[in-house]
Amino acid sequence: MKRKTRVLSFKIKGNEKVEIARFLSKFEDISFNVCDDTLKVKVLNPGSMGDIVYSIKSFLEELKEKEIKEDKGIYSYTLDSISKIAGATVPVKLLKAVLNDKGYSFEVDRENVVSTAHVSVAAEVAGDISYLLEDLDGVSKPVTEIIVRVAMEFDLLSSELLNVGIEEKIFNDSETVSLNISYDDALSYLREYAGE
C-alpha cells in the first residue's frame, strides 16, 4: 500500500524565508517550498506528522516573538535570536569584530542588535566562530580575538594560526597564551602570514 503524504500550509512573512528554510532542512521526512507568503510542507511520513506540525508552529511563534525589523537595509533583532539560529553563543565583541571585518555594521544596545547583517548572516558567522573557538582553550581574550578574525578572513584553522603565533614569538606560550606585542601588530603579522 502506498504511503499517503499530507501537505500543510503556513502563512509567513517574506523576511522569514531564509530562517525557515534553514530550520526545515533539518527534517528528513518532509519536502517544502515557499511561494509568496505561503509555506507548503509535504509530510512524507504521516507517523511523524504531530511532531513536525508542533516543531514548525513553535518555530514560527519564535520568529514572531523575535520579529526581525528591516528599514533601508538595516536590520533589528535580538542577540538571543542569533544564538537560537546558530545553536551557539559566542562573545559579542568577537562577533562584532568579525562582522565589521566582513564590511557589516553591528551595534548592540543591551540585548538589541542593529546591523546591516541579516540575523541569518550573523548566526552563520556565530556558528563558524563557535567552531574556531573549540581549538582555543587556555588562550587570552585578545589572542583569541586576533586568531578568530584572521581565521575567518582567510578561511584557516585557528590551531594553525595559534602555532604560528607561538613559533614567531607573537604570543607567549605560558599557562594562558597572551600577546608579546601590541594587538594591532599581532593582527597585521598574522594577516600577512595568512595572505602569503
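Scoring rules and cut-offs
Along each chain, the written sequence defines residue order, and numbers are assigned to residues from 1. Side-chain atom pairs in this predicted model are given and counted only at pLDDT of 80 or more, local residue features only at pLDDT of at least 70, and totals for whole chains, interfaces and linings cover all residues. Just so you know, side-chain values use all the structure's heavy atoms and leave hydrogens and water out. Where each domain begins and ends follows an automated or database-derived domain assignment. In this analysis, axes come from line fits to C-alpha atoms, helices being fitted only over the stretch in contact, and the angle between any two N-to-C directions falls in the range 0 to 180 degrees. The numbering of helices and of strands both runs from the N terminus, where a helix is a DSSP run of H or I of at least 4 residues and a strand a run of E of at least 2. An angle below 35 degrees is treated as roughly parallel, one above 145 as roughly antiparallel, one from 65 to 115 as roughly perpendicular, and anything else as oblique. When the near helix sits turned anticlockwise from the far one by under a right angle, the crossing is termed left-handed; a clockwise turn instead gives a right-handed crossing. Working rule for contacts: check all heavy atoms of both residues, and any pair within 4.5 Å makes them a contact. Classes in brief: Ala, Val, Leu, Ile, Met, Phe, Trp, Tyr, Cys and Pro nonpolar; Asp, Glu, Lys and Arg charged; the others, Gly included, polar. Take the buried residues of types Ala, Val, Leu, Ile, Met, Phe, Trp, Tyr and Cys, join any two whose side-chain atoms come within 4.5 Å, and each joined set is a nonpolar core. Residue exposure (1.4 Å probe, protein chains only): buried if accessible area is under 20% of the type maximum, exposed if over 50%, otherwise partly exposed. By definition, two strands form a pair when at least two bridges between them are found by DSSP. Within this scheme a cavity is a closed region of a 1 Å grid, computed over the protein atoms alone, that accommodates a 1.4 Å probe without allowing it to escape, whereas a pocket is open but has protein on both sides within 12 Å along at least five of seven lines; lining residues each have an atom within 4 Å of a point. Grid points are joined across faces, edges and corners, and a volume is the space filled by probe spheres set on the points.

1. Focus: the domain arrangement of the protein chain
- Here the domain parsing of the protein chain yields domain 1 (6-68), domain 2 (75-135) and domain 3 (158-194).
- Just the C-alpha atoms count here: the centres of domain 2 and domain 3 sit 24 Å apart.

2. Considering the packing of helix α4 (residues 92-101) against helix α5 (residues 119-133)
- Relative to each other, α4 and α5 sit at 115°, their axes nearing to 10 Å. Judged on the interaxial angle alone, α5 and α4 are roughly perpendicular. Of the two elements, α4 crosses α5, and the hand of that crossing is right-handed. Facing α4, whose interface residues are L94, L95, V98 and L99, α5 presents V121, A122, V125, A126, I129 and L133.
- Looking at the contact of α4 with α5, its residues break down into 10 nonpolar, no polar and no charged.

3. Some words on the nonpolar core
- Counting residues in each nonpolar core, the largest one holds 38 residues, and the members touching the most others are Y77, I82, L95, F106, I129, F171 and L190.
- Each of domain 2 (75-135) and domain 3 (158-194) gives at least three residues to this core.
- Look past the residues within four positions of F171 in its chain and what remains in contact with it is V143, I147, L161, L162, G165, I166, V177, S178, L179, N180, A186 and L190.

4. Here's the deal with the sheet that holds strand β2 (residues 30-35)
- Strand order in the open sheet made by the three strands is β1-β3-β2, with antiparallel pairing throughout. The outermost strands of the open sheet, each flanked by one partner alone, are β1 (6-11) and β2. If you compare each strand with its neighbour and ignore which way they point, the axes differ by 20° on average.
- Across the sheet, helix α1 (residues 17-24) touches β2 and β3 (38-43), and the angle it forms with β2 is around 175°.

5. Let's talk about the layout of surface pockets
- In this model, the largest pocket occupies a volume close to 220 Å³.
- If you go around the largest pocket, the residues you meet are P91, K93, L94, L136, V139, K141, P142, T144, E145 and Y183.
- Where the lining of the largest pocket is concerned, the elements lending two or more residues are α4 and α6 (141-154).
- When the residues that make up the lining of the largest pocket are grouped by side-chain class, the tally is six nonpolar, one polar and three charged.

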